[in-house]
Amino acid sequence: MKEFLIAPSILSADFARLGEDIAKVLASGADVIHFDVMDNHYVPNLTVGSIVCKSLRNYGILAPIDVHLMVKPVDHLAIAFAKAGATSISFHPEATKDIAYTLALIKNESCKVGLVFNPNTDLSYLNNIKIMDKLDIILLMSVNPGFSGQSFIPTTLNTLYQVRKLIDKGDYDIRLGVDGGINITNIYKVAKAGADMFVAGSAIFKQPNYKTVIEMMRCELVKVLSPFIKDTILRKNK
Ligand code: DX5
Ligand code: ZN
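Everything numeric in this text was worked out from a predicted model, so none of it was measured.

## Looking at the overall build of the chain
Within the chain, the secondary structure is distributed over nine helices and eight strands. Over its C-alpha atoms the chain spans a radius of gyration of 17 Å, differing by no more than 12% from the 18 Å that the globule rule assigns to 238 residues. Based on the C-alpha atoms only, the size of the chain along its principal axes is roughly 50 × 45 × 30 Å. Looking at the chain alone, contacts between residues at least 24 apart form 65% of all its contacts between residues at least 6 apart. Looking at the chain as shown, the accessible area adds up to about 11,100 Å², and 55% of this sits on carbon and sulfur atoms.

Okay, structure coming up:
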């Protein structure tokens, strides 16, 4: 069983002092920085490009940067982010022509790679063993992508449960992330449904004390840990 990762999304950070704000959230206990990239085409919003990722590395951010590409097409920008210091790069399968090609392209740049599923995206891509074998991350959107501050869509819990079963059954080394509307009230049930990486934007950055929120999230996660380990062991022994 992997540890739980808390991944604040830059979308809710202060873009006027991004490096400082990210350093602060990492010092407050965050594990990973979730870097949302929007192109005003795949989603109706626009954020920032690879130059900002590179600037964060130059500023001294050493933590993993998990890039979430909400862009179409994917390949060109994926390479740019890999070269700019991304640790992992995830994209939406319907945004690229050839999923296997894009996965290989990212891997070839020595980055971890993930697929992201919108609430209504068909999960059947995951029935393909050749795709599953390549993945380091599966990220389930619990809101429709494009904006922070939306409410968690409850049907995501069932999807998480299904994908967790798939990962465990195949004994894949894949992290299962959830993105959108995560907060201290729902993180427990999201973890119980099988997630092990939690992207949270507004729940962290809109609070005055990041450390308090992150600690409260971890307290919720600890509650889930023991039964979850038992459950995983039981399922593996079946
Ligand atoms: C939405 C982004 C999310 C978003 C999360 O398209 O992918 O990462 O920033 O923000 P909250 O946690 O506020 O829903
Ligand atoms: Zn995201």
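## A look at the packing of aromatic side chains
One pass over the full model with this rule turns up four aromatic pairs. Considering the side-chain rings of phenylalanine 4 and phenylalanine 198, the 5.7 Å spacing of their centres and the 65 degrees angle between planes classify their relative orientation as edge-to-face. Of this pair, phenylalanine 4 sits in the segment before strand 1 (5-8) while phenylalanine 198 sits in strand 8 (residues 197-200), placing them 194 residues apart in sequence. Phenylalanine 4 sits in the buried class, given a relative accessible area of 9%. With centroids separated by 5.3 Å and ring planes inclined at 75 degrees, the aromatic side chains of phenylalanine 205 and tyrosine 210 adopt a geometry described as edge-to-face. Taken individually, phenylalanine 205 and tyrosine 210 each receive the classification buried, so the pair is uniform in this respect. Here lysine 24 stacks its cationic end above the ring of tyrosine 210, 4.6 Å away from the centre of that ring.

## Some words on the pairing of strand 6 (residues 137-141)
When you tally the buried positions in strand 6, you get five out of five residues, the bulk of the element. Taken together, the four bridges between strand 5 (residues 112-117) and strand 6 define a ladder with parallel strand orientation. Bridge pairing in strand 6 links valine 116 to leucine 139. Bridging between strand 6 and strand 7 (residues 175-179) involves five bridges; their strand directions are parallel. Note that in strand 7 the partner of methionine 141 across the bridge is aspartate 179.

## Things to note about the pattern of salt bridges
Side chains carrying opposite charge are able to pair once their charged atoms draw close together. For the structure on display, the rule yields eleven salt bridges. Arginine 218 serves as the salt-bridge partner of aspartate 31, at 2.9 Å between the closest nitrogen and oxygen. You can see aspartate 31 sitting in the loop between helix 1 (18-27) and strand 2 (33-38) and its partner arginine 218 sitting in helix 9 (residues 210-237), a full 187 residues away along the chain. On the accessibility criterion, arginine 218 (27% relative accessible area) is partly exposed. A salt bridge links arginine 164 to aspartate 168, with the nearest nitrogen and oxygen atoms 3.0 Å apart. One end of the pair is arginine 164 and the other is aspartate 168, both in helix 6 (residues 156-169) and four residues apart, which spans about a single turn. Several salt bridges converge on common partners, so that one network encompasses Glu3, Arg164, Asp168, Arg175 and Asp196.

## As for the coordination of the zinc ion (ligand 2)
Only His34 (NE2), Asp36 (OD), His68 (ND1) and Asp179 (OD) from the protein coordinate the zinc ion (ligand 2), and they sit 2.1 to 2.3 Å from it. Seen from the zinc ion (ligand 2), its six donor atoms lie at angles of 69 to 173 degrees, and the figure they make is octahedral. The sequence pattern describing where the donors of the zinc ion (ligand 2) fall on their chain is H-x1-D-x31-H-x110-D. Here aspartate 179 lies in strand 7 and aspartate 36 lies in strand 2, a separation of 143 residues in the sequence. Across the pair, aspartate 179 and aspartate 36 agree in class, each one buried.

## Topic: the state of the cysteines
Applying the stated rule across the entire model yields zero disulfides. The thiol of cysteine 53 is unpaired, and the distance to the nearest cysteine sulfur, on cysteine 111, comes to 8.8 Å.

## Regarding the side chain of threonine 102
Residue position: threonine 102 is located in helix 4 (residues 99-108). Looking at threonine 102, the relative accessible area reads 0%, which means it is buried. Polar contacts involving the side chain of threonine 102 include one to the side chain of threonine 96, which spans 2.8 Å. When residues no more than four places from it in sequence are discounted, the contact partners of threonine 102 are Val74, Asp75, Phe91 and Thr96.

What counts and what doesn't
- In every chain, residue numbers begin from 1 and rise along the written sequence.
- Lettering for chains starts from A, numbering for ligands starts from 1, and both go in the order in which the items are written.
- Totals for whole chains, interfaces and linings use all residues, but because this is a predicted model, local features are given only for residues with pLDDT of at least 70 and pairs of side-chain atoms are given and counted only at 80 or more.
- The basis for every side-chain value is the complete set of heavy atoms in the structure, and neither hydrogens nor water enter the calculation.
- Numbering goes from the N terminus for both helices and strands, where a helix is a DSSP run of H or I of at least four residues and a strand is a run of E of at least two.
- Between the two quantities, the radius of gyration covers C-alpha atoms and the globule rule is 2.2 Å times the number of residues to the power 0.38.
- Contacts between residues were defined by any pair of non-hydrogen atoms, one from each residue, lying within 4.5 Å.
- Computed with a 1.4 Å probe, the accessible areas rest on the Shrake-Rupley method; for each residue, only the protein chains presented here act as cover.
- Each Phe, Tyr or Trp ring (for Trp, its six-membered ring) is paired with any other whose centre lies within 6.5 Å, and the angle between the two planes then decides the class: stacked below 30 degrees, edge-to-face above 60, tilted in between.
- We call a residue buried when its accessible area falls under 20% of the maximum for its residue type, exposed when it is over 50%, and partly exposed in between, using a 1.4 Å probe and counting protein chains only.
- Sitting over a ring, as applied to charges here, requires NZ of Lys or CZ of Arg to be within 6 Å of the ring centre and within 35 degrees of the ring normal.
- When DSSP finds two or more bridges between a pair of strands, those strands are recorded as paired.
- Any Lys or Arg side-chain nitrogen found within 4 Å of a carboxyl oxygen on Asp or Glu counts as a salt bridge.
- In this listing, donors mean N, O and S atoms no farther than 2.8 Å from the metal, or 3.2 Å for Na, K and Ca; water is missing from the atoms, so a site can look incomplete.
- Every geometry call rests on angle ranges, with four donors termed tetrahedral when all angles are between 85 and 135 degrees, four termed square planar and six termed octahedral when opposite donors are over 155 degrees apart and all others are between 65 and 115, and everything else termed irregular.
- Our working definition of a disulfide is a cysteine sulfur pair at a distance within 2.5 Å.
- Here a polar contact is recorded for every N or O atom pair within 3.5 Å, except that within protein the pair must consist of a potential hydrogen donor and a potential acceptor, and residues adjacent in sequence are included only if both atoms are side-chain atoms.

Function cannot be inferred from these measures alone, as they are strictly geometric.
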